[in-house]
Protein chains: 2
Amino acid sequence: MTRILVVDDEPQIRRALRTSLASHGYDVQTAGTGEEGVVGAAEGGPDLIFLDLGLPDLDGTEVIRRVRSFSDVPIIVLSVRDRQADKVAALDAGADDYVTKPFGMEELLARLRAQLRRAQPEEAGPAVLRFDELEVDLARRLVTLEGEPLHLTKTEYALLEALVTNPGKLLTHQWLLQKVWGRGYAEESQYLRVYVRALRRKLGDAASAPRLILTEPGVGYRWIAGPEPGPS
Amino acid sequence: MTRILVVDDEPQIRRALRTSLASHGYDVQTAGTGEEGVVGAAEGGPDLIFLDLGLPDLDGTEVIRRVRSFSDVPIIVLSVRDRQADKVAALDAGADDYVTKPFGMEELLARLRAQLRRAQPEEAGPAVLRFDELEVDLARRLVTLEGEPLHLTKTEYALLEALVTNPGKLLTHQWLLQKVWGRGYAEESQYLRVYVRALRRKLGDAASAPRLILTEPGVGYRWIAGPEPGPS
DNA sequence: CCGGTGCGTGAAGATCCCGTAAAAGTGGCT
DNA sequence: AGCCACTTTTACGGGATCTTCACGCACCGG
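Residues numbered from 1 in each chain as written. Chains lettered and ligands numbered in written order. Predicted model: local features only at pLDDT ≥ 70, side-chain atom pairs only at ≥ 80, totals over all residues. Heavy atoms only, no water.

(A) Looking closely at the overall build of chain A. Counting secondary structure elements, chain A contains 8 helices and 12 strands. The principal-axis extent of the C-alpha atoms belonging to chain A is close to 60 × 40 × 30 Å. A buried classification covers 49% of the 232 residues belonging to chain A. In chain A, once contacts between residues fewer than 6 apart in sequence are set aside, the share between residues at least 24 apart is 56%. Carbon and sulfur atoms provide 49% of the accessible area of chain A, an area that totals close to 11300 Å². (Helix = DSSP H or I, 4+ residues; strand = E, 2+ residues; numbered from the N terminus. Buried < 20%, exposed > 50% of the residue type's maximum accessible area, 1.4 Å probe, protein only. Contact = heavy atoms within 4.5 Å. Areas by Shrake-Rupley, 256 points an atom, 1.4 Å probe, with all protein chains shown as cover.)

(B) Broad picture of the sheet that holds strand E4 (residues 75-79) of chain A. All names here are of chain A. Read across the sheet, 5 strands follow the order E2-E1-E3-E4-E5 without closing on themselves; strand pairing throughout is parallel. Across the chains shown, the open sheet's two edge strands, defined by having one partner strand only, are strand E2 (27-31) and strand E5 (97-100). Across the sheet, the mean angle from the axis of one strand to that of its neighbour is 20°, orientation sign disregarded. With 4 bridges joining them, strand E1 (residues 3-7) and strand E3 (residues 48-52) adopt parallel strand pairing. Residue pairing for E3: Leu 5 is matched across the bridge by Ile 49. Helix H1 (residues 11-23) rests against E1, E2, E3 and E4 of the sheet, and its axis sits at about 170° to E2. (Pairing = 2+ DSSP bridges. Axes fitted to C-alpha atoms, helices over the stretch in contact; angles between N-to-C directions.)

(C) Representation of the protein's contact with DNA strand D. Surveying the vicinity of DNA strand D reveals 18 residues, the closest of which are His 151, Thr 155 and Tyr 191 of chain A together with Thr 155 and Tyr 191 of chain B. The sugar and phosphate moieties of DNA strand D supply 72% of its atoms located within 4 Å of the protein. Trp 181 of chain A places a polar side-chain atom, nitrogen or oxygen, 3.0 Å from a phosphate oxygen of DNA strand D. The side chain of Tyr 191 of chain A places a nitrogen or oxygen atom 2.3 Å from a phosphate oxygen of DNA strand D. Among the elements of the structure, helix H6 (154-164) and helix H8 (189-203) of chain A together with helix H8 (189-203) of chain B are those that each provide at least two residues to the surface near DNA strand D. Among the residues making up the surface near DNA strand D, the classes are represented as 9 nonpolar, 8 polar and 1 charged. (Near = heavy atom within 4 Å. Polar contact = N/O pair within 3.5 Å; in protein donor to acceptor, adjacent residues only side chain to side chain. Nonpolar A, V, L, I, M, F, W, Y, C, P; charged D, E, K, R; others polar.)

(D) Seen up close, the sheet that holds strand E11 (residues 213-216) of chain B. Residues and elements named next belong to chain B. The strand order across the open sheet formed by 3 strands is E10-E12-E11, and the pairing between neighbours is antiparallel. Every interior strand has two partners, whereas the edge strands, strand E10 (170-172) and E11, have only one. For this sheet, the mean angle separating the axes of adjacent strands, direction not counted, is 30°. Of the strand pairs in this sheet, E11 and strand E12 (residues 220-223) are connected by 4 bridges, and their pairing is antiparallel. Its bridge partner being in E12, Thr 215 is matched across the sheet by Tyr 221.

(E) Representation of the packing of helix H3 (residues 60-68) of chain A against helix H4 (residues 84-93) of chain A in the model. Residue and element names in this part refer to chain A. Between H3 and H4, whose axes approach to 8 Å, the crossing angle comes to 10°. In this view, H3 runs roughly parallel relative to H4, as classed from their interaxial angle. Residue-level contacts link Thr 61, Ile 64, Arg 65 and Arg 68 of H3 to Ala 89, Ala 90 and Ala 93 of H4. Residues belonging to the contact of H3 with H4 are distributed by class as follows: 4 nonpolar, 1 polar and 2 charged. (Parallel < 35°, antiparallel > 145°, perpendicular 65-115°, else oblique.)

(F) Molecular detail of the nonpolar core. Counting 53 residues, the largest nonpolar core has Ile 49, Leu 160 and Trp 223 of chain A as its most contacted members. Broken down by element, the residue count for this core peaks at 6 residues, all from H6 of chain A. Contact partners of Trp 223 of chain A, with chain neighbours within four places excluded, come to Phe 131, Leu 134, Leu 160, Leu 163, Val 164, Pro 167, Gly 168, Lys 169, Leu 203, Leu 212 and Ile 213 of chain A. Grouped together as the second largest cluster of nonpolar side chains are 25 residues, Phe 131, Val 136, Leu 159 and Ala 225 of chain B included. (Core = buried A, V, L, I, M, F, W, Y, C linked by side-chain atoms within 4.5 Å.)

(G) Spotlight on the protein's contact with DNA strand C. Taken together, 19 residues surround DNA strand C, and among them Arg 197, Thr 215 and Tyr 221 of chain A together with Arg 197 and Thr 215 of chain B come closest. In DNA strand C, atoms within 4 Å of the protein come 73% from sugar and phosphate. Tyr 221 of chain B places a polar side-chain atom, nitrogen or oxygen, 2.8 Å from a phosphate oxygen of DNA strand C. Those elements giving two or more residues to the surface near DNA strand C turn out to be H8 of chain A together with H8 of chain B.

(H) Broad picture of the interface of chain A and chain B. Between chain A and chain B, the contact holds 36 residues from the first and 32 residues from the second. Together, the buried faces of chain A and chain B total about 2700 Å²; carbon and sulfur atoms form 42% of this surface. Here chain A and chain B share 8 salt bridges between them. Among the salt bridges present, the one from Glu 107 of chain B reaches Lys 87 of chain A, with a minimum N-O distance of 3.1 Å. Where chain A meets chain B, there are 25 residue pairs in polar contact (both at pLDDT 80 or more). The set of elements that each furnish at least two residues to the side of chain A that touches chain B consists of H4, E5, helix H5 (105-118) and strand E10 (170-172) of chain A. Looking at the side of chain A that touches chain B, the element that brings in the most residues is H5 of chain A, giving 10 residues. Class assignment of the residues belonging to the side of chain A that touches chain B gives a composition of 13 nonpolar, 7 polar and 16 charged. (Buried area = accessible area lost by both parts, 1.4 Å probe. Salt bridge = Lys/Arg side-chain N within 4 Å of Asp/Glu carboxyl O.)

(I) Spotlight on the packing of aromatic side chains. Residues and elements named next belong to chain A. Scanning the model with the defined rule gives 8 aromatic pairs over all chains in all. Taking the centre distance of 5.2 Å and the plane angle of 70° together, the rings of Phe 131 and Trp 223 count as edge-to-face. Of this pair, Phe 131 sits in strand E6 (residues 128-131) while Trp 223 sits in strand E12 (residues 220-223), and the two are 92 residues apart along the sequence. (Phe/Tyr/Trp six-rings, centres within 6.5 Å; stacked < 30°, edge-to-face > 60°.)

(J) Broad picture of the side chain of Glu 107 of chain A. Examined against the element boundaries, Glu 107 of chain A turns out to sit in helix H5. Apart from the residues lying within four places of it in its own chain, the contact partners of Glu 107 of chain A are Gln 84, Lys 87, Val 88 and Leu 91 of chain B.

(K) Broad picture of unusual backbone geometry. Note that the residue after Lys 101 of chain A, namely Pro 102 of chain A, is joined by a cis bond; omega there is -5°. Among the secondary structure elements, Pro 102 of chain A is positioned in the loop between E5 and H5. Even without a glycine there, the phi angle at Arg 141 of chain B is positive, about 60°. Mapped onto the elements, Arg 141 of chain B comes out in the loop between strand E7 (134-137) and strand E8 (142-145). The class for Arg 141 of chain B is partly exposed, based on a relative accessible area of 27%. Positive phi, normally seen in glycine, also occurs at Glu 146 of chain B, with a value near 55°.

Structure representation (structure tokens):
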């Protein structure tokens, strides 16, 4: 059965959507906060997500970005905000559709069908990546080393995420800088050295004998580890 | 370049959309009737269609159905009708999004990007080239020889890429120098000797008995290997 | 037969980039 | 305000890479 995840902080909305969706044959799960929503997206493996932007704990676009780090599941945003800037931000963060409250249920169901029709080839990458003694939980943004939780700063985590979600690929300085720091930082390659150093230290990796992060001089960095570590 | 087909009977709308889309780097075609639109969708092979529902000759949903009979191209409907029934009909006929006029151009562009992003993964070329024991993964920027990763410097890789992406073709000194080092290096043919030498050494090739890189004296170099090894 | 030209080869010097540490700046919290 | 965590900036050795130089050799035409 098609699973729908509803993320909204208002119980009334959750109940209304649950009822309508269930009566049309959908399997409905709900979450009341952004954190719960991201975790639910990872563990429930929904086929589509309805996301309210006005969540108490996380910014809506942040929820979209986090879900997008491990899943291509269709996301339909529900929001009271009708400003263009909000729509553009949400859509560019990775949302597939944006519906302004109040909405008609028939229209919502039609948009739901349209998105499901497109997303047919469902593929869900695992939300927890394992590399030997290192685990990265993309949904909870939790990193553990040898079972011990490892504290990373926001920037460190963003860099690690960019690396582990592109294993084996050579990521150029420019690409990493724009991914982690945003546009306009393409020249700040010193940032990369500083934060790669911090990551290597915390992950127990060494630049001279890399097991995780390989330096490609003059070009960028490469995450070497994962499902296909060629045997000696 | 990304091709957009605009189907609308009002010349003003067509012109406005053409201008806005073109200024954002899209290649725009237009049609003024439903028939023209369907033909344009079939012959132009657009990457996305903007479709006005209020066409004089055909009903909007009929246009969608006809296009859908031969193409999965994303369709974004533009309409003055705000009734739920119209939206449901269009979406269920096969449209991917429905925007009510008047609309903001920023929002429209964001929805356009969202649809294009979804339709993206249709082109996945075999980015890995094989030559006997040598593999060149252009996407990952990874070179392996007999299964072992081979470390190449930035310049060495650039030269190798220029060679393997033009197999069998005679590449002149000037062409290679400009491709790898950029304009202004057309005379530095010594660079080529030095780096061709380095590549041959790392790839296990010999100038006297070339299996990969052939010297064409006085002219340039030629990559000889792969699916189409030119006859002597 | 002989000099010129271009290529292959090795290696030295210069330059750029990386790793690393630590100081300075920033913003949040009590 | 003052502390704390984090980010940004500065500084500096060491190493990788690029650039340049030198030399031997093959080929070619005179």
